[in-house]
Amino acid sequence: QVQLVESGGGLVQAGGSLRLSCAASGSISSIRAMGWYRQAPGKQRELVATINTYGVTTYADSVKGRFTISRDNAKNTYLQMNSLKPEDTGVYYCNVRVEIYNIYDYWGQGTQVTVSS
């Protein structure tokens, strides 16, 4: 199985920066992609950024040019968030996509990001 440990959330002023980390363990050899999603109060969870096995990335339009997703050799995933805005506030969740015979998605428990104005 896959286990996820998230860190790096907190309170920051508008225009500031935060760096989120997600450490994956378990069946990491089967990981096909990792990503970050977020959920604001009263809203649905939305995609923020993803990175696949080959390093190809995708971003939500609202964060392009401000956020950067990356991976390291241990298959940890990071989200560098710059020029933060109050609308970036929410719970950020780490996602891991695993393929064995079928595709499965695993989720962390989330880390709170609050951007004040």
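Scroll up a little and you will see the structure.
Let us look at the structure shown here. Model, not experiment: these values are computed from the prediction. (Residues numbered from 1 in each chain as written. Predicted model: local features only at pLDDT ≥ 70, side-chain atom pairs only at ≥ 80, totals over all residues. Heavy atoms only, no water.)

Overview of the overall build of the protein
Within the protein one finds zero helices and eleven strands. Reading the protein from its N terminus to its C terminus gives the helix and strand order β-β-β-β-β-β-β-β-β-β-β. Computed over its C-alpha atoms, the radius of gyration of the protein comes to 14 Å, within 12% of the 13 Å expected for a compact globule of 117 residues. Seen through its C-alpha atoms, the protein measures out along the principal axes to roughly 45 × 25 × 20 Å. For the protein, the exposed surface amounts to about 6,500 Å²; the carbon and sulfur share of it is 48%. On the protein, the mean spot of the 11 positive side-chain charges and the mean spot of the 8 negative ones are 2 Å from each other. (Helix = DSSP H or I, 4+ residues; strand = E, 2+ residues; numbered from the N terminus. Rg over C-alpha atoms; globule rule 2.2 N^0.38 Å. Areas by Shrake-Rupley, 256 points an atom, 1.4 Å probe, with all protein chains shown as cover. Lys, Arg positive; Asp, Glu negative; His and termini not counted. Charge placed at Lys NZ, Arg CZ, Asp CG, Glu CD.)

Examining the layout of surface pockets
Taken as a whole, the largest pocket encloses approximately 200 Å³ of empty space. In the lining of the largest pocket, the residues fall into one nonpolar, five polar and seven charged. (1 Å grid on protein atoms, 1.4 Å probe; cavity = no way out; pocket = protein on both sides within 12 Å on 5 of 7 lines; lining within 4 Å. Points joined across faces, edges and corners; volume = space filled by probe spheres on them. Nonpolar A, V, L, I, M, F, W, Y, C, P; charged D, E, K, R; others polar.)

Notes on the pairing of strand β10 (residues 103-107)
Both strand β9 (residues 90-99) and β10 contribute to a ladder of five bridges, which runs antiparallel. Each residue of the ladder has a partner; that of Glu 99, found in β10, is Ile 103. (Pairing = 2+ DSSP bridges.)

As for unusual backbone geometry
Positive phi, normally seen in glycine, also occurs at Ser 83, with a value near 50 degrees. Among the structural elements, Ser 83 can be located in the loop between β8 (77-81) and β9. Given the relative accessible area of 41%, Ser 83 is considered partly exposed. (Buried < 20%, exposed > 50% of the residue type's maximum accessible area, 1.4 Å probe, protein only.)

Concerning the nonpolar core
Within the largest apolar cluster, 26 residues are counted, with the highest numbers of intra-cluster contacts made by Trp 36, Val 48, Phe 67, Leu 79, Met 81, Tyr 92 and Val 96. The residues touching Val 48, leaving out its near neighbours within four places in the chain, are Trp 36, Tyr 37, Arg 38, Thr 58, Tyr 59, Ala 60, Val 63, Phe 67, Leu 79 and Tyr 92. (Core = buried A, V, L, I, M, F, W, Y, C linked by side-chain atoms within 4.5 Å. Contact = heavy atoms within 4.5 Å.)

What to know about the sheet that holds strand β7 (residues 67-71)
Strand order in this open sheet of four strands is β1-β3-β8-β7, and the pairing throughout is antiparallel. Each edge of the open sheet is held by one strand with a lone partner, namely β1 (2-7) and β7. Direction aside, the axes of adjacent strands within the sheet are offset by 15 degrees on average. As judged from the five bridges shared by β7 and β8, these two strands associate in the antiparallel manner. Bridge pairing in β8 places Ile 69 opposite Leu 79. (Axes fitted to C-alpha atoms, helices over the stretch in contact; angles between N-to-C directions.)

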